[in-house]
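Here is what each chain is made of, one letter per residue.
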Amino acid sequence: MGVFDIVPTGVLTGDNVRKLFEFAKENNFAIPAIVSDLVSEFASDRLILVIECHFFLNSKCCPRGCQVRDVRCSYCDVLQLSFRDIKSPIILQVSQGGSAYFVGKGVANDKQQASIAGAIAAAHHIRIAAKAYGVPVVLHSDHCAHKLLPWFDGMLEADEAYFKQHGEPLFSSHMLDLSEESKEANIATCVKYFKRMAPLGLWLEMEIGITGGEEDGVDNTGVDNAALYTQPEDVYDVHAALSAISPNFSIAAAFGNVHGVYKPGNVRLQPELLGKHQAFTSQKLGGKQEKPLFLVFHGGSGSTKEEIATAVSHGVVKMNVDTDTQFAYLCGIRDFILNKKDYLLQQVGNPEGADKPNKKYYDPRVWVREGEKTLVERAKEACKDLGNVARL
């Protein structure tokens, strides 16, 4: 049995998200999450035109004279990778900063309007692309701190509007990261939003405990190391509060995680703690399920393959690979620029002759594509580490 036996292609919502994560947990694999920051500025500046043009394709006309074939989005290659190369489902997610970048630097963001517009634009694009490639996709928004709740509210309003038209939300899931708040305030806010999300078929990811480092509005660089390890009792309190509303939620419990880049050994991960969370909650629920929790792995850059495998064995179904994929995306572009430097200094004239044109080197589609290639290879590596290969 594979993923296609239990869920359809395209963006998943409602119980289909839970079915996918249940399948992952039962079969001991997790799904990498790729973030929207990996969209080129060339694509982001013109992406709205893609969505607008989509509705005019049948008549072969397009407002404002744009051409769909000229616009590229790096998500497309990640999606293509999923289906064509290693046959795996994938999670595509937007961050608050990445969403603002997605819609373009010319839009103000003092009230999160750029982040809201960018997230919605990305969601519509991913829905179109996922259908075209025939890939199961979880469409997710990542870390939302308390001060960024207007961004969350804007996306949720878009979900509600989309639900009225299509009977499902625009996104698959959203994350609330209220780890800076007290446990009580964190849980109370999650409950408040989850009651609104559950009727739409939205999955909720929440964070309890602190992931170190800095990520999209949450700066935990100076916290006490002891705060980087969530206690089993806290995880159970979250489960008890949210399961009373819906089973469609996951928990990012801290086990020494730190966002950003670090050398192996500089951060002490204890993924075995996740097993204790599962055992404690299982015991509280009567022992009917060995792993009742859906767990999420944040801040995994620099983790050993053994640490990743241990986390997955204890019920991690999603792992963010943001930092590593950002660097991988850069590598292809960097190497192209360095290797083709003499072809990029001017429009005409290169080592092959003073009259030789250089358009085929400086065309953004050429060097952006090199970044896409290295991104795809890093995504493949993440899938292999997580056991997410040949799962469709």
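Residues numbered from 1 in each chain as written. Predicted model: local features only at pLDDT ≥ 70, side-chain atom pairs only at ≥ 80, totals over all residues. Heavy atoms only, no water.

(A) Quick peek at the overall build of the chain. Looking only at helices and strands, the chain features 14 helices and 13 strands. Counting every position in the chain, which comprises 392 residues, the buried fraction comes to 55%. Carbon and sulfur atoms form 52% of the exposed surface of the chain, whose accessible area is close to 16,900 Å². (Helix = DSSP H or I, 4+ residues; strand = E, 2+ residues; numbered from the N terminus. Buried < 20%, exposed > 50% of the residue type's maximum accessible area, 1.4 Å probe, protein only. Areas by Shrake-Rupley, 256 points an atom, 1.4 Å probe, with all protein chains shown as cover.)

(B) Fine view of the environment of Ala-240. On the secondary structure map, Ala-240 appears in helix α9 (residues 232-243). Residues Ala-240 and Lys-284, 44 residues apart in the sequence, show an inter-C-alpha distance of 9.7 Å.

(C) Inspection of the pattern of salt bridges at higher detail. Under the defined criterion, the tally for this structure stands at 19 salt bridges. Arg-196 serves as the salt-bridge partner of Glu-160, at 2.8 Å between the closest nitrogen and oxygen. Of the two residues, Glu-160 sits in helix α7 (residues 149-166) while Arg-196 sits in helix α8 (residues 183-197), which places them 36 residues apart along the sequence. In this structure, the salt-bridge partner of Lys-305 is Glu-381, at a minimum N-O distance of 3.9 Å. Linking Lys-305 in helix α11 (residues 305-313) with Glu-381 in helix α14 (residues 364-385), this pair joins segments that are 76 residues apart in sequence. Sharing partners across several salt bridges, the network here consists of Asp-15, Arg-18 and Glu-22. (Salt bridge = Lys/Arg side-chain N within 4 Å of Asp/Glu carboxyl O.)

(D) Representation of the pairing of strand β11 (residues 316-320) in the model. Along β11, five of the five residues are buried, which leaves the element largely enclosed by surrounding structure. Across three bridges, the pairing between strand β2 (residues 31-35) and β11 is parallel. Its bridge partner lying in β11, Ile-31 is registered against Lys-318. With three bridges connecting them, strand β10 (residues 295-297) and β11 associate as parallel partners. In the sheet register, Val-296 faces β11, and the bridge partner there is Lys-318. In the classification by handedness, the crossover that spans β10, the intervening α11 and the parallel β11 is right-handed. (Pairing = 2+ DSSP bridges. Right-handed = clockwise from strand over helix to strand, strands pointing away.)

(E) Molecular detail of the side chain of Asn-248. Within the secondary structure layout, Asn-248 lies in the loop between α9 and β9 (249-253). Ignoring any residue separated from it by four or fewer positions in sequence, one finds Asn-248 in contact with Gly-14, Asp-15, Arg-18, Phe-194, Leu-202, Trp-203 and Leu-204. (Contact = heavy atoms within 4.5 Å.)

(F) Region of interest: the pairing of strand β3 (residues 90-94). Among the five residues that make up β3, five are buried, leaving the element largely enclosed by the rest of the structure. Examined bridge by bridge, β3 and strand β4 (residues 136-141) share five bridges and lie parallel to one another. Along β4, the bridge assignment pairs Gln-93 with His-140.

(G) Inspection of α14 at higher detail. Its 22 residues place the ends of α14 32 Å apart at the C-alpha level, agreeing with the 32 Å of an ideal helix rising 1.5 Å per residue. Listed in full, the buried residues belonging to α14 are Val-368, Gly-371, Glu-372, Leu-375, Val-376, Arg-378, Ala-379, Lys-380, Ala-382, Cys-383 and Asp-385. Once α14 finishes, Gly-387 follows within two positions and takes phi at roughly 75°, a positive value. (Expected span 1.5 Å × (residues − 1).)

(H) Highlighting the nonpolar core. With 74 residues, the main nonpolar core has Phe-171, Leu-242 and Ile-251 as its most contacted residues. When residues of this core are assigned to their parent elements, the largest contribution, eight residues, is made by helix α6 (residues 113-133). Not counting chain neighbours up to four residues away, the residues in contact with Leu-242 comprise Cys-190, Val-191, Phe-194, Leu-204, Met-206 and Phe-249. Core analysis: the next-biggest nonpolar cluster, separate from the first, contains 17 residues, Val-7, Ile-31, Val-138 and Phe-294 among them. (Core = buried A, V, L, I, M, F, W, Y, C linked by side-chain atoms within 4.5 Å.)

(I) Unusual backbone geometry, seen in detail. The phi dihedral of Asn-28 falls on the positive side, at around 60°, and the residue is not glycine. Within the fold, Asn-28 resides in the loop between α1 (15-26) and β2. With a relative accessible area of 40%, Asn-28 lands in the partly exposed category. In this structure, Lys-87 takes a positive phi of about 50° despite not being glycine.

(J) Quick look at the confidence of the model for the chain. Here the chain averages 86 in pLDDT, and 82% of its residues register 70 or above. Segment residues 40-72 is flagged for pLDDT under 50; beyond a separation of four residues in sequence, or across chains, it makes 45 contacts in the model. Counting contacts from residues 217-224, a segment whose pLDDT is below 50, to residues more than four positions away or on other chains yields 20 contacts. (pLDDT = per-residue confidence, 0-100.)

(K) Examining the packing of aromatic side chains more closely. In this structure the tally under the stated criterion is eight aromatic pairs. An angle of 70° between the planes, with centres 5.0 Å apart, marks the rings of Phe-152 and Tyr-193 as edge-to-face. Of the two residues, Phe-152 sits in helix α7 while Tyr-193 sits in helix α8, which places them 41 residues apart along the sequence. Each member of the pair, Phe-152 together with Tyr-193, is buried. Site record: aromatic cluster; members linked through ring pairs are Phe-21, Trp-203 and Phe-294. Positioned above the aromatic ring of Phe-294, the side-chain terminus of Lys-25 is 4.0 Å from the ring centre. (Phe/Tyr/Trp six-rings, centres within 6.5 Å; stacked < 30°, edge-to-face > 60°. Lys NZ or Arg CZ within 6 Å of the ring centre and 35° of its normal.)

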